[in-house]
Amino acid sequence: MPIEDLSEFVEKLEKAGELRRVKTQVDADLEISEILSRVMYSNGPAILFENVKNHDMPVLANAFGSLKRLEIGLETSDFTEIGQRIVDITKMEMPTGIFDKLRKLPELSKMADIAPKLQKNGPVTEVIEDAPSFDRIPILKTWPKDAGKFITFGLIATRHPETGVRNLGVYRMQILDGTHALMHWQKHKRGAHHYDIKKDLGSKIEVAIIIGGDPATVFSAVAPVPEGLDKYVFAGITRKTGIKTVKCKTVDLEVPANAEIVLEGYVDPSNIRMEGPFGDHTGYYTPPEPYPVFTLTGIMRRQKPIYLTTIVGKPILEDAFIGKVIERSFLPLIKMFHPEVVDFSMPASGWFQGMAIISIKKRYPGQAKKVMMGLWGMGQLALTKIFVVVDEDVNVHDLNDVIWAITTRFDAARDTTIINNTPTDTLDPASPLVNLGSKLGIDATQKTKEEGYQRDIQELVKSDEVTKKIVDSKWASYGI
């Protein structure tokens, strides 16, 4: 059975020795974040702060800060299973053409076993606050020069104004006062797209911010699923069973029934203020920029909720482990659209969008560039600024092997592709303009004569099979 809520996840983490409880009083203003940065950079455990100054709500952080904890939460040690389930469903339910697959993705929501199941009430409806305010929640200030307190692990729920497809995204929110916050949804994110549609119609957009939930739903909010796939359905795919939902009280949205806290409200496109600075996962403070205001209209919560949060900064922190699971779980989808792909890696130090390494089974000239162009056209991979393509004999997870391939199979003049004026991650501190910069493609595959390689291909050094078998048979006798 899948984990149903955050409390059950805490129990499982503690039983596995992956969680520590801190009973000493701590301050949500900088102190908790300083503790967490030390714990995360040293690959430490999840932390449950039980005594937060001026608050009666405990704070949970670093809950997903290791692959072991993600294996516990998602109940699998092979994260490619998640993406493979989507591939298997598309093969069962849809025509064979790629574009037909993309058009039919919304129909996944009709599959009863993974579709969300609406309930009259749930644990998150135990308390309905009469005078909702952010002030009672132990929201952290992370870094000294941050503009204030930020919600960093809220699952932002919106609904596509035309199709009704639901989205969950993780976008930071800067608290302005008890009932107002700034919604930092970047241009390329799906929540921002929903907002833009309502803005063009001259309307506000209803939003719900979900704090805490079962691990599969939290993961689903971060995951860059294919366009048209309802995030609640993806949570059901991840869990192998549909999530339970309830209706919000002040907005027309459904939210997970087992959440800890739900903040209801709307974002008004006519109310824009400067947001930031904020110490982000690039390791730099992002400068102030204009973003719209969220107005709080209601709070639903458990009787004794846990405030789930995270901190971001220079890699490697908690988000890097979530990124590794995204990388593994979406490999089957990448292979579905690009069958020549063997493996795929996004190094944690590249903060998700910085770099990806792809190995392929190369069959024809120019295939590496074909793969680069295809991946730059796939969803959030459009924001990745460096692609390195290698042959199938190179381990994309071993940077030493990748560097060897680059230095022995790559010629700078022949094998570099630079594309200017392309979308970039809003947080990229190197791009010349916000949201606009360049891409670099490095073709580190072995070249053929058709690709301009006029020399004889040099033979790789490797052992012969006869000697290998002799040594294998005698290995125990060597005493090594």
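Right above here is the structure, for reference.
Here we summarise the structure given alongside this text. (Residues numbered from 1 in each chain as written. Predicted model: local features only at pLDDT ≥ 70, side-chain atom pairs only at ≥ 80, totals over all residues. Heavy atoms only, no water.)

Examining the nonpolar core
Piece 1. Formed by 59 residues in total, the largest nonpolar core has its most connected members in Leu-60, Phe-64, Ile-210, Phe-219, Phe-234, Val-255 and Val-262.
Piece 2. Every residue in contact with Ile-210, bar those within four places of it in the chain, is listed here: Phe-153, Gly-154, Leu-155, Ala-157, Leu-168, Tyr-232, Val-255, Pro-256, Ala-259, Ile-261 and Val-262.
Piece 3. With 39 residues, the next largest nonpolar core counts Ile-47, Tyr-195, Leu-263 and Ile-311 among its residues. (Core = buried A, V, L, I, M, F, W, Y, C linked by side-chain atoms within 4.5 Å. Buried < 20%, exposed > 50% of the residue type's maximum accessible area, 1.4 Å probe, protein only. Contact = heavy atoms within 4.5 Å.)

Concerning the packing of helix H3 (residues 67-74) against helix H9 (residues 318-329)
Piece 1. At a minimum axis distance of 9 Å, the contact between H3 and H9 shows a crossing angle of 60°. Here H9 runs oblique to H3, going by the angle between their axes. For the pair H3 and H9, the crossing hand works out as right-handed. From H3, Leu-67, Leu-70 and Leu-74 reach across to H9, where they touch Phe-321, Ile-322, Lys-324 and Val-325.
Piece 2. Along the lines of polarity and charge, the residues of the contact of H3 with H9 split into six nonpolar, no polar and one charged. (Axes fitted to C-alpha atoms, helices over the stretch in contact; angles between N-to-C directions. Helix = DSSP H or I, 4+ residues; strand = E, 2+ residues; numbered from the N terminus. Parallel < 35°, antiparallel > 145°, perpendicular 65-115°, else oblique. Left-handed = near helix turned anticlockwise from the far one by under 90°. Nonpolar A, V, L, I, M, F, W, Y, C, P; charged D, E, K, R; others polar.)

Considerations on the side chain of Asp-230
Piece 1. Its place among the elements puts Asp-230 in the loop between helix H7 (215-222) and helix H8 (231-239).
Piece 2. From its side chain, Asp-230 meets the backbone nitrogen of Tyr-232 in a polar contact 2.8 Å long.
Piece 3. Residue contacts for Asp-230: discarding those within four places in its chain leaves Val-165 and Arg-166. (Polar contact = N/O pair within 3.5 Å; in protein donor to acceptor, adjacent residues only side chain to side chain.)

Digging into the pattern of salt bridges
Piece 1. Applying the stated criterion to the full structure yields 32 salt bridges.
Piece 2. The shortest N-O distance in the salt bridge between Glu-254 and Arg-166 comes to 3.0 Å. With a gap of 88 residues between them, Glu-254 in strand S13 (residues 254-256) and Arg-166 in strand S8 (residues 166-170) connect regions that are remote in the sequence.
Piece 3. Salt bridges here are not isolated pairs; linked through shared partners, they connect Glu-14, Arg-21, Lys-23 and Glu-50. (Salt bridge = Lys/Arg side-chain N within 4 Å of Asp/Glu carboxyl O.)

Describing the packing of aromatic side chains
Piece 1. Scanning the model with the defined rule gives 10 aromatic pairs in all.
Piece 2. Each ring, one from Tyr-171 and one from Trp-185, has its centre 6.1 Å from the other, and the planes form 70°; the classification is edge-to-face. Of this pair, Tyr-171 sits in the loop between S8 and strand S9 (173-175) while Trp-185 is found in the loop between strand S10 (180-183) and helix H6 (190-200), placing the two residues 14 residues apart along the sequence. Taken individually, Tyr-171 and Trp-185 each receive the classification buried, so the pair is uniform in this respect.
Piece 3. Centroid distance Trp-185 to Tyr-195: 5.4 Å. Interplanar angle 40°. Geometry classified as tilted. Residue Trp-185 is located in the loop between S10 and H6, and its partner Tyr-195 is located in helix H6; the two are separated by 10 residues in the primary sequence. Just as Trp-185 is buried, Tyr-195 falls in that class too. (Phe/Tyr/Trp six-rings, centres within 6.5 Å; stacked < 30°, edge-to-face > 60°.)

Overview of the sheet that holds strand S20 (residues 355-360)
Piece 1. Sheet architecture is open: five strands sit in the order S19-S20-S21-S23-S22, paired in mixed fashion. With one partner strand each, in any of the chains shown, strand S19 (341-345) and strand S22 (416-423) form the two edges of the open sheet. Averaged over all pairs of adjacent strands, the angle between strand axes in this sheet comes to 20°, irrespective of strand direction.
Piece 2. In this sheet, strand S23 (residues 436-444) lies alongside S22 in antiparallel orientation, the contact comprising six bridges. What sits directly across from Thr-417, in S23, is Gly-441.
Piece 3. Strands in contact with helix H12 (residues 399-409) are S20, strand S21 (386-391) and S23; relative to S23, the strand with the most contacts, it is inclined by about 80°. (Pairing = 2+ DSSP bridges.)

So, a nonpolar patch on the surface
Piece 1. On the surface, Trp-475, Tyr-478 and Ile-480 cluster together into a nonpolar patch covering about 370 Å² of accessible area.
Piece 2. Following the sequence through the fold, Ile-480 ends up in the segment after helix H14 (465-474).
Piece 3. Take Ile-480: its relative accessible area is 75%, and that puts it in the exposed class. (Patch = residues over 30% accessible without salt bridge, like charges linked within 9 Å, V, L, I, M, F, W, Y side chains within 5 Å. Areas by Shrake-Rupley, 256 points an atom, 1.4 Å probe, with all protein chains shown as cover.)

Notes on the sheet that holds strand S4 (residues 117-118)
Strand pairing in a sheet is mediated by backbone hydrogen bonds. Such pairs are either parallel or antiparallel.
Piece 1. Taken in spatial order, the three strands make up an open sheet running S4-S12-S13, and their pairing is mixed. With one partner strand each, in any of the chains shown, S4 and S13 form the two edges of the open sheet.

Purely geometric numbers; function is a separate question.
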